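Summary of structural features
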Amino acid sequence: MPGLLRGVARTAVVAGTATAVSNRVSRRQAGRWAQQEAAQEAPQAAAAPPPAPAPAAAPAAADMSTKIDQLKQLSTLKEQGVLTEEEFAEQKRRLLG
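Each value, and the rule that gives it
Residues numbered from 1 in each chain as written. Predicted model: local features only at pLDDT ≥ 70, side-chain atom pairs only at ≥ 80, totals over all residues. Heavy atoms only, no water. Patch = residues over 30% accessible without salt bridge, like charges linked within 9 Å, V, L, I, M, F, W, Y side chains within 5 Å. Areas by Shrake-Rupley, 256 points an atom, 1.4 Å probe, with all protein chains shown as cover. Salt bridge = Lys/Arg side-chain N within 4 Å of Asp/Glu carboxyl O. Lys, Arg positive; Asp, Glu negative; His and termini not counted. Charge placed at Lys NZ, Arg CZ, Asp CG, Glu CD. Helix = DSSP H or I, 4+ residues; strand = E, 2+ residues; numbered from the N terminus. Buried < 20%, exposed > 50% of the residue type's maximum accessible area, 1.4 Å probe, protein only. Phe/Tyr/Trp six-rings, centres within 6.5 Å; stacked < 30°, edge-to-face > 60°. Lys NZ or Arg CZ within 6 Å of the ring centre and 35° of its normal.

**Here's the deal with a positive patch on the surface**
A surface patch of like charges, here positive, comprises Arg24, Arg27, Arg28 and Arg32. Tracing the backbone through its elements, the reader meets Arg32 in helix α1 (residues 2-47). A relative accessible area of 43% means that Arg32 is categorised as partly exposed.

**What to know about the packing of aromatic side chains**
Aromatic rings considered in pairs are described by the distance between their centres and by the relative angle of their planes. Summed over all chains, the structure comprises zero aromatic pairs. Between the NZ or CZ atom of Lys78 and the centre of the ring of Phe88, over which it lies, the distance is 4.6 Å.

**What about the pattern of salt bridges?**
All chains considered together, the criterion is met by four salt bridges. Asp63 is the salt-bridge partner of Lys67, the closest N and O atoms lying 3.9 Å from each other. A residue pair is termed a helical-turn pair when its members lie 3 or 4 positions apart in one helix, as Lys67 and Asp63 do in helix α2 (residues 60-80) at four residues. Using a relative accessible area of 40% as the deciding quantity, one classes Asp63 as partly exposed. Arg94 serves as the salt-bridge partner of Glu90, at 3.1 Å between the closest nitrogen and oxygen. With Glu90 and Arg94 both in helix α3 (residues 85-96) and four residues apart, the pair spans about one turn of that helix. Taking the relative accessible area as the measure of exposure, Glu90 reaches 28% and is therefore partly exposed. For Arg94, a relative accessible area of 55% translates into the label exposed. Bridged by salt links that share partners, the residues Glu90, Arg93 and Arg94 form one connected network.

By themselves, these are just geometric observations and shouldn't be taken as functional.
Have a look at this one:
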């Protein structure tokens, strides 16, 4: 029985480590792709016409509900492992600050 338990524990550790590494590689690759896309869009953005002026400010209640929705989305991304705790805190600070 102890041998079986040790084997199960070892399998759990290996699977957990593999999942963590896979998630990190995926996040790093997504970051690299985003950087490449931004670099490709930079020359195109210089040639694009200036953006239209921002519309008038929405009422405060609508603005707050939008912020709450964005915080919920950030929280979901953090729970899924897409955002680290530091990234979540920075985005939350930007959103509320």
